[in-house]
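# Examining the three-dimensional arrangement
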Amino acid sequence: MLIEHRGQRPVVPASAYVAPSAVLCGAVTLGEGTRVLHGAVLTAEDGEVRTGADVVIMENALVRGRRRHPAIIGNAVLIGPHAHVNGARVEDEVFVATGASAFPGAVVGAGSELRINSVLHTNSVLPPGTVVPIGWIAAGAPRARLFSPDQHDELWQVQSELDFPGTVYGVPRGTSMRDIMARQSEHFGAHLDDRIVDSIVDPSIDPIVDPIVD
């Protein structure tokens, strides 16, 4: 499904494929040969989502673009099932495995691997060629450190300086959930004005220029 959001429509080249049950919302631009499989969601909330060539985004993955942190995917990248790329930049030839996450402001260096259920934290930079093991966390800049799941105290010393609430929600740490969620409700309320462009992707159309269906 293709959706116009904030006046922006997805752009799908003729060489790309988007499964009928996938969703592209807003300023999403696919590269040549990109494949978006069933249940995947690429949503440009108030920023951009852009992929390079020969990218495969697998079932039920989420790629979210943000105003200050667009989601930029390089060439020859695999985004695995249930993976979460939120306002991050993923450079060329990266493997993002099942359930892995990269948070806003993060950079996944070329040729790296985020293995199953691993995390690259907010504003962290993973050097090229780095492997984050299954279930581990990478955090820190200008060069992320790797932490096993049992290193919470050591991780927090680094993580606390990365400003997750400021980066993701635009609020200082300690802001109440009631205030955060009021802001989030208002922000996502922009979807009330969304319009479906086309419910079935035709890969022969380059770019999508079908009339809006109310």
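Heads up: these notes are all about the structure in this document. (Residues numbered from 1 in each chain as written. Predicted model: local features only at pLDDT ≥ 70, side-chain atom pairs only at ≥ 80, totals over all residues. Heavy atoms only, no water.)

Across its full length, the protein holds three helices and 23 strands. A compact globule built from 214 residues should have a C-alpha radius of gyration of about 17 Å, and the protein, at 17 Å, falls within 12% of that. Taking the principal axes of the C-alpha coordinates as reference, the protein spans close to 55 × 40 × 25 Å. Across the 214 residues in the protein, those meeting the buried criterion constitute 47%. (Helix = DSSP H or I, 4+ residues; strand = E, 2+ residues; numbered from the N terminus. Rg over C-alpha atoms; globule rule 2.2 N^0.38 Å. Buried < 20%, exposed > 50% of the residue type's maximum accessible area, 1.4 Å probe, protein only.)

Counting 40 residues, the largest nonpolar core has Leu 24, Leu 30, Leu 42, Ile 79, Leu 114 and Leu 120 as the members making the most contacts within it. Contributions of two or more residues to this core are made by strand 6 (41–44) and strand 10 (71–73). With residues up to four places along the chain from it excluded, the contact list for Ile 79 reads Val 56, Ile 57, Met 58, Ala 61, Ile 73, Val 85 and Val 96. Counting residues in hydrophobic clusters, the runner-up holds eight residues, among them Ile 137, Phe 147, Leu 155 and Val 158. (Core = buried A, V, L, I, M, F, W, Y, C linked by side-chain atoms within 4.5 Å. Contact = heavy atoms within 4.5 Å.)

Here the largest pocket is characterised by a volume of approximately 480 Å³. In this structure, the largest pocket is lined by 21 residues; those nearest its centre are Arg 66, Val 168, Tyr 169, Gln 184 and His 187. In terms of residue class, the lining of the largest pocket is built from five nonpolar, eight polar and eight charged. (1 Å grid on protein atoms, 1.4 Å probe; cavity = no way out; pocket = protein on both sides within 12 Å on 5 of 7 lines; lining within 4 Å. Points joined across faces, edges and corners; volume = space filled by probe spheres on them. Nonpolar A, V, L, I, M, F, W, Y, C, P; charged D, E, K, R; others polar.)

On to the pattern of salt bridges. Enumeration according to the criterion identifies seven salt bridges in this entry. A salt bridge links Arg 64 to Glu 45, with the nearest nitrogen and oxygen atoms 2.9 Å apart. Here Arg 64, found in strand 9 (residues 62–65), pairs with Glu 45, found in the loop between strand 6 and strand 7 (49–51); they are 19 residues apart in sequence, far enough to count as distant. Taking the relative accessible area as the measure of exposure, Arg 64 reaches 17% and is therefore buried. Notably, a salt bridge pairs Glu 48 with Arg 50, separated by 2.8 Å at the nearest N-O pair. Each of Glu 4, Arg 9 and Arg 195 takes part in salt bridges that share partners, so that together they form one network. (Salt bridge = Lys/Arg side-chain N within 4 Å of Asp/Glu carboxyl O.)

Summed over all chains, the structure comprises two aromatic pairs. Here Phe 103 and Phe 164 contribute two aromatic rings whose centre-to-centre distance is 6.0 Å and whose plane-to-plane angle is 70°, an arrangement assigned as edge-to-face. Residue Phe 103 is located in the loop between strand 15 (101–102) and strand 16 (107–108), and its partner Phe 164 is located in helix 2 (residues 164–169); the two are separated by 61 residues in the primary sequence. Judged by its relative accessible area of 18%, Phe 103 is buried. Assessed through its relative accessible area of 24%, Phe 164 is described here as partly exposed. Judged by centre distance (6.0 Å) and plane angle (75°), the ring pair of Phe 164 and Tyr 169 falls under edge-to-face. Joined through ring pairs, the aromatic side chains of Phe 103, Phe 164 and Tyr 169 make up one cluster. (Phe/Tyr/Trp six-rings, centres within 6.5 Å; stacked < 30°, edge-to-face > 60°.)

On a regular strand, one side chain projects to one face of the sheet and the next to the other, so that they alternate. Here three bridges tie strand 3 (residues 23–25) to strand 6, and the two strands are oriented parallel to one another. Note that in strand 6 the partner of Val 23 across the bridge is Val 41. Across four bridges, strand 6 lies against strand 9 in parallel orientation. In the sheet register, Leu 42 faces strand 9, and the bridge partner there is Val 63. (Pairing = 2+ DSSP bridges.)

Topologically, Ser 112 is positioned in the loop between strand 16 and strand 17 (113–114). For Ser 112, a relative accessible area of 1% translates into the label buried. Of the polar contacts made by the side chain of Ser 112, one reaches the backbone oxygen of Gly 109; its length is 2.9 Å. Among the polar contacts listed, one links the side chain of Ser 112 to the backbone oxygen of Pro 127, at a separation of 3.1 Å. Sequence-distant contacts of Ser 112, defined by excluding residues within four places in its chain, comprise Glu 93, Val 94, Phe 95, Leu 126, Pro 127, Pro 128, Gly 129 and Thr 130. (Polar contact = N/O pair within 3.5 Å; in protein donor to acceptor, adjacent residues only side chain to side chain.)

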